[in-house]
Amino acid sequence: MTVYMTTYHAVSILHGGPRTQITETARHLEALGMQVRFFDPWTPFHPGPEDLVHLFAANIGTYHIAREMRALGVPLVVSPITYTSHSAAFVRRALAATRLLQKAGPGLWSDYAFCADICAWAQRVVPNTQAEADLIVQGYGILADKVRVVPNGVDERFASGDPDLFRKKYGLNNFILNVGHIGHARKNVLQLIRALGEIDHPAVIIGRIIAGPYGDACVREAARFRNIHLIDGLGNDSAMLASAYAACDVFALPSLFETPGIAALEAGLAGAKIVITPYGGTREYFGTMATYVEPLEVGSIRDGIRKALDAKKDLRLRDHIAGHYLWKHVAEKTKDVYGELRVKG
């Protein structure tokens, strides 16, 4: 069996969690003896009878590749990487409205319709959280018997980052840290910056700064506060990123939602105290070992970070992540899903 992995074309530009999820899953599947290839659209595609395609992200950027795999009859596994702040009932109604409009005329689509079609075509759908699985089944109408929750993961090297690398270069220690894109509204960095401005403590935000109204506003707002330091992106394989996690005291990820936020897992494995959104399935990973804040309330973010700063470090979360969410565990669960298709045909 060869597993062909694919996703939207911009993944190499955007970096972020999906790219990490794909590359790390592939690497650890290979360590389990599986043959994995990244789908190349410029190379003729001739899958064998036992081969399958694993598609990451169910959206407009992956719709056509999913449709063509269905036409070829190639078994398809989909990691939807989807969530919404809307309820499953809202998604159901919005999807029904889209289907009605599609009957009236071609070319009428919504994000919900793209996701629903791709998941319907798949033989297995593997969301990262039970919350995402419930949305897939109850909102998109996907059969529950083909949905398998496979968690997101973390590289074990983040447990042993050298904090001195970051301390020596930037002169900062025991700071508040955030890692992610600076420019996507879902990451809620602008509200985080406003909360950090009310806390008399050094803070670091690491992420690629995306030019545009939101990203520009983040940069302007951060410039108002001496305690906030912006670092324009570090690769996931960077020793400096691992060092930043090891050197920080609190990691804050008050996004609108996360499933569950690979950066938070990385920071938690490094021993950081976690402040995070409650939306998107984060409680499934962090349980009572994190501080949850309302992402749209600056005061809630501020108070949550202050609470974490005052708390003593507790290594229960680090041990929990190491025991359940390393990429090798994710690869084993993913391989089990592939095995179901191989057995059932």
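Residues numbered from 1 in each chain as written. Predicted model: local features only at pLDDT ≥ 70, side-chain atom pairs only at ≥ 80, totals over all residues. Heavy atoms only, no water.

Participant: Hey, could you run me through the packing of helix H4 (residues 88–104) against helix H6 (residues 130–139) in this one?
Facilitator: For any two helices packed against each other, the geometry comes down to the angle between their axes and how far apart the axes lie. Interaxial distance between H4 and H6 falls to 8 Å at its minimum, and their mutual angle equals 40°. By the criterion of interaxial angle, the relationship of H4 to H6 is oblique. The chirality of how H4 crosses H6 is right-handed. Across from Ala88, Val91, Arg92 and Leu95 in H4, the residues of H6 making contact are Leu135, Gln138 and Gly139. Partitioned by chemical class, the residues of the contact of H4 with H6 number four nonpolar, two polar and one charged. (Axes fitted to C-alpha atoms, helices over the stretch in contact; angles between N-to-C directions. Helix = DSSP H or I, 4+ residues; strand = E, 2+ residues; numbered from the N terminus. Parallel < 35°, antiparallel > 145°, perpendicular 65-115°, else oblique. Left-handed = near helix turned anticlockwise from the far one by under 90°. Contact = heavy atoms within 4.5 Å. Nonpolar A, V, L, I, M, F, W, Y, C, P; charged D, E, K, R; others polar.)

Participant: Mind showing me how you'd approach the pattern of salt bridges here?
Facilitator: In a structure, side chains of opposite charge can pair up when their charged atoms sit close to one another. In this structure the tally under the stated criterion is 17 salt bridges. Two residues, arginine 157 and aspartate 155, come together in a salt bridge whose shortest N-O distance is 3.7 Å. Here arginine 157 falls in the partly exposed class, since its relative accessible area comes to 27%. The class of aspartate 155 is buried, set by a relative accessible area of 10%. One network of salt bridges, with partners in common, ties together Glu24, Arg27, Asp155 and Arg157. (Salt bridge = Lys/Arg side-chain N within 4 Å of Asp/Glu carboxyl O. Buried < 20%, exposed > 50% of the residue type's maximum accessible area, 1.4 Å probe, protein only.)

Participant: Help me out: how do you make sense of the environment of aspartate 232 in this one?
Facilitator: For aspartate 232, the position within the fold is in the loop between strand S8 (228–231) and helix H10 (239–247). Taking the C-alpha atoms as reference, aspartate 232 lies 4.9 Å from arginine 208; in sequence the two are 24 residues apart. Not counting chain neighbours up to four residues away, the residues in contact with aspartate 232 comprise Gly207, Arg208 and Ile209. Of the polar contacts made by the side chain of aspartate 232, one reaches the backbone nitrogen of isoleucine 209; its length is 2.9 Å. (Polar contact = N/O pair within 3.5 Å; in protein donor to acceptor, adjacent residues only side chain to side chain.)

Participant: Would you mind going over the nonpolar core with me for this structure?
Facilitator: Taken as a class, soluble globular proteins show a tendency for nonpolar side chains to be buried jointly. In terms of nonpolar packing, the biggest core is built from 36 residues, with Phe166, Leu177, Ile206, Tyr245, Phe251, Ile274 and Phe286 touching the most fellow members. Elements with a contribution of two residues or more to this core: strand S6 (176–179), strand S7 (203–206), H10, strand S9 (250–253), helix H11 (262–269), strand S10 (273–276), helix H12 (282–286) and helix H14 (316–324). Examining the composition of this core, we find that six residues originate from one element, H10, more than from any other. Sequence-distant contacts of isoleucine 274, that is, excluding residues within four places in its chain, are made with Phe251, Ala264, Ala267, Gly268, Phe286, Ala290, Thr291 and Leu317. One finds Tyr4, Leu55, Tyr63 and Cys119 within the second-largest nonpolar core, a separate group that totals 31 residues. (Core = buried A, V, L, I, M, F, W, Y, C linked by side-chain atoms within 4.5 Å.)

Participant: So what exactly am I meant to see when it comes to the packing of helix H7 (residues 163–170) against H10 here?
Facilitator: Running from N to C, H7 and H10 cross one another at 95°; their axes reach a closest spacing of 6 Å. With respect to their mutual orientation, H7 and H10 come out roughly perpendicular. On H10, the residues touching Pro163, Asp164, Leu165, Phe166, Arg167, Lys169 and Tyr170 of H7 are Ala239, Met240, Ser243, Ala244, Ala246 and Ala247. In the contact of H7 with H10, the residues fall into nine nonpolar, one polar and three charged.

Participant: Help me understand the sheet that holds strand S11 (residues 291–292) in this model?
Facilitator: Hydrogen bonding along the main chain pairs the strands of a sheet, whether they run parallel or antiparallel. Strand order in the open sheet made by the six strands is S8-S7-S6-S9-S10-S11, with parallel pairing throughout. Because the sheet does not close on itself, it has two edges, and the strands there are S8 and S11. Bridging between S6 and S9 involves two bridges; their strand directions are parallel. Bridge pairing links leucine 177 to phenylalanine 251 in S9. Contacts between helix H13 (residues 298–310) and the sheet are confined to S6, S9, S10 and S11, with S10 contributing the most and set at about 170° to the helix. (Pairing = 2+ DSSP bridges.)

Participant: Would you take a moment to explain the pairing of S9 for this structure?
Facilitator: A regular strand places its side chains so that they alternate between the two faces of the sheet. Both faces of S9 are covered, namely the face carrying Val250 and Ala252 and the face carrying Phe251 and Leu253. Pairing of S9 with S10, which is carried by four bridges, proceeds in the parallel orientation. Bridging across to S10, valine 250 finds its partner in lysine 273. Following the backbone out of S9, through H11 and into the adjacent parallel S10, one traces a crossover that is right-handed. (Right-handed = clockwise from strand over helix to strand, strands pointing away.)

Participant: Mind showing me how you'd approach the side chain of histidine 54 here?
Facilitator: Take histidine 54: it is sitting in strand S3 (residues 52–56). Taking the relative accessible area as the measure of exposure, histidine 54 reaches 2% and is therefore buried. When neighbours within four sequence positions are excluded, histidine 54 is seen to be in contact with Val3, Tyr4, Met5, Thr6, Val77, Ser79, Val126, Thr334 and Tyr338.

Participant: How do you make sense of the environment of glutamate 68 when you look at a structure like this?
Facilitator: Structurally, glutamate 68 is set in helix H3 (residues 63–72). The exposure class of glutamate 68 is partly exposed, given its relative accessible area of 39%.

Participant: Even after reading the chapter, I still don't get the packing of aromatic side chains, so can you show me in this structure?
Facilitator: Each aromatic ring pair is described using two quantities: the centre-to-centre distance and the angle formed by the ring planes. Across all of its chains, the model carries 13 aromatic pairs by this definition. Arranged with centres 4.6 Å apart and planes meeting at 25°, the rings of tyrosine 285 and tyrosine 325 form a pair that is stacked. Placement of tyrosine 285 in helix H12 and of tyrosine 325 in the loop between H14 and helix H15 (327–344) is noted, with a sequence separation of 40 residues between them. Here tyrosine 285 falls in the buried class, since its relative accessible area comes to 2%. Its relative accessible area of 10% is what places tyrosine 325 among the buried residues. Members of the aromatic cluster, connected to one another through ring pairs, are Tyr63, Trp109, Phe114 and Trp121. Above the plane of the ring of tyrosine 292 lies arginine 283, whose end atom (NZ or CZ) is 4.1 Å from the centre. (Phe/Tyr/Trp six-rings, centres within 6.5 Å; stacked < 30°, edge-to-face > 60°. Lys NZ or Arg CZ within 6 Å of the ring centre and 35° of its normal.)

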